[in-house]
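Chains, contacts and geometry: an overview
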Amino acid sequence: MPDDAAGVVVETALARFHYARAGSGPPVLLLPGAGGWRFTFQDLIPVLSQRHTVYALDPPGQGATEILDRGLSLGVDGVVRLIGDFLDAVGLGRTAIVGHSWGGGFALRFAELHPDTVTRLALIAPGGLDVKDAWEFRLARLPVVGELVLRRLLRPSVRHMLIKSFAYRDRVPEDRIDDLVRTMRSSRLDDVLRVERSVTWAATERDLHLVRAPVLLLWGDRDRYFPASLARRFVTRLPQAEVRTVPGGGHSLHDDCPEETRGLLVRFLAGTTADAAGPGR
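1. A short note on the pattern of salt bridges
- Scanning all chains against the criterion turns up 10 salt bridges.
- The salt bridge partner of Glu 259 is Arg 262, with a shortest N-O separation of 3.7 Å. Within this pair, Glu 259 and its partner Arg 262 are both found in helix H12 (residues 258–269), separated by three residues, close to a single helical turn.
- Residue classification places Arg 262 among the buried positions, given a relative accessible area of 19%.
- Residues joined by salt bridges that share partners form a network here, namely Asp 77, Arg 109, Glu 112, Arg 206 and Asp 207.

2. Some words on the environment of Trp 37
- Its location among the elements puts Trp 37 in the loop between strand E3 (27–31) and helix H1 (45–48).
- For Trp 37 and Gly 61, which are 24 residues apart along the polypeptide, the C-alpha to C-alpha distance reads 9.5 Å.

3. Overview of helix H2 (residues 76–89)
- The terminal C-alpha atoms of H2 lie 20 Å apart, and with 14 residues this matches the ideal 20 Å at 1.5 Å per residue to within 8%.
- Burial of H2 is extensive: 10 of the 14 residues sit out of reach of the surface.
- Listing the buried residues of H2 in full gives Val 76, Gly 78, Val 79, Val 80, Leu 82, Ile 83, Gly 84, Asp 85, Phe 86 and Leu 87.
- Once H2 finishes, Gly 91 follows within two positions and takes phi at roughly 80 degrees, a positive value.

4. Things to note about the environment of Thr 119
- Mapped onto the secondary structure, Thr 119 falls in strand E7 (residues 118–124).
- Residue Thr 119 is classed as partly exposed on the basis of its relative accessible area of 27%.
- Residues Thr 119 and Pro 26, spaced 93 residues apart in sequence, show a C-alpha to C-alpha distance of 10.0 Å.
- A polar contact is formed between the side chain of Thr 119 and the backbone nitrogen of Ala 96, at a distance of 3.1 Å.

5. Section: the nonpolar core
- With 50 residues, the main nonpolar core has Leu 29, Phe 86, Phe 106 and Leu 121 as its most contacted residues.
- The leading source of residues in this core is H2, at seven residues.
- The residues touching Phe 86, leaving out its near neighbours within four places in the chain, are Val 10, Phe 17, Tyr 19, Leu 29, Tyr 55 and Leu 57.
- Membership of the second largest hydrophobic core comes to 24 residues, among which are Ala 20, Val 54, Ala 56 and Val 98.

About the thresholds
Residues numbered from 1 in each chain as written. Predicted model: local features only at pLDDT ≥ 70, side-chain atom pairs only at ≥ 80, totals over all residues. Heavy atoms only, no water. Salt bridge = Lys/Arg side-chain N within 4 Å of Asp/Glu carboxyl O. Helix = DSSP H or I, 4+ residues; strand = E, 2+ residues; numbered from the N terminus. Buried < 20%, exposed > 50% of the residue type's maximum accessible area, 1.4 Å probe, protein only. Expected span 1.5 Å × (residues − 1). Polar contact = N/O pair within 3.5 Å; in protein donor to acceptor, adjacent residues only side chain to side chain. Core = buried A, V, L, I, M, F, W, Y, C linked by side-chain atoms within 4.5 Å. Contact = heavy atoms within 4.5 Å.

Structure follows, in structure tokens:
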């Protein structure tokens, strides 16, 4: 399978997975948040691929990945099953995982259910706690309203959610909004809604103690989706977690504060401890 950061496809009985692959070295799987796809990490991939083989996945119900088994449950455990199916298909027995937002929640659940597969776990403002979601996601779950948001009001919805993800307004990639909308319109919108309406995090929070891999929690202190104070709730059940709060960062921390975030990720994935003088607990 050649390096192809523009996109690769692998098909199994469960799904047709779209992903990017780049670099060489120890593998790292990237999982974007809800409504995201592999291009969420387009600026992070070149950095991590200098030392790692990077697999940036369109998760089930996101981007171009198509779920073929229409009877498959798409709750958290169903998505985790599909992530495992993808890893089997590309021949990864063990890997580090970087997950953002809901992608971080899926990464956590995967590490709980498959602790021997995950070598290191880096989580950027992750889901995974049994807390109320932001109103935008609750709206998408409503019958009729969710379909209206995705099919008729997609561009203003994407723009609103992208702006809210950033603390630095001048760093919002306004020139990419139309590309993002086109990508979402070409995706399986029915699968998007199935995932949105099926995911709950109670079991993930309950089972946090099952995670055995080293964990890095990264948070921006100006996150408007998941407040940075939630990190304390994670560390009560994840005593091995290293927590780094980035001053001034928003929810899309890897784009909002790219230099700080990339540095912390590179050091963590290399197995070194972040500088004690840097952003702390």
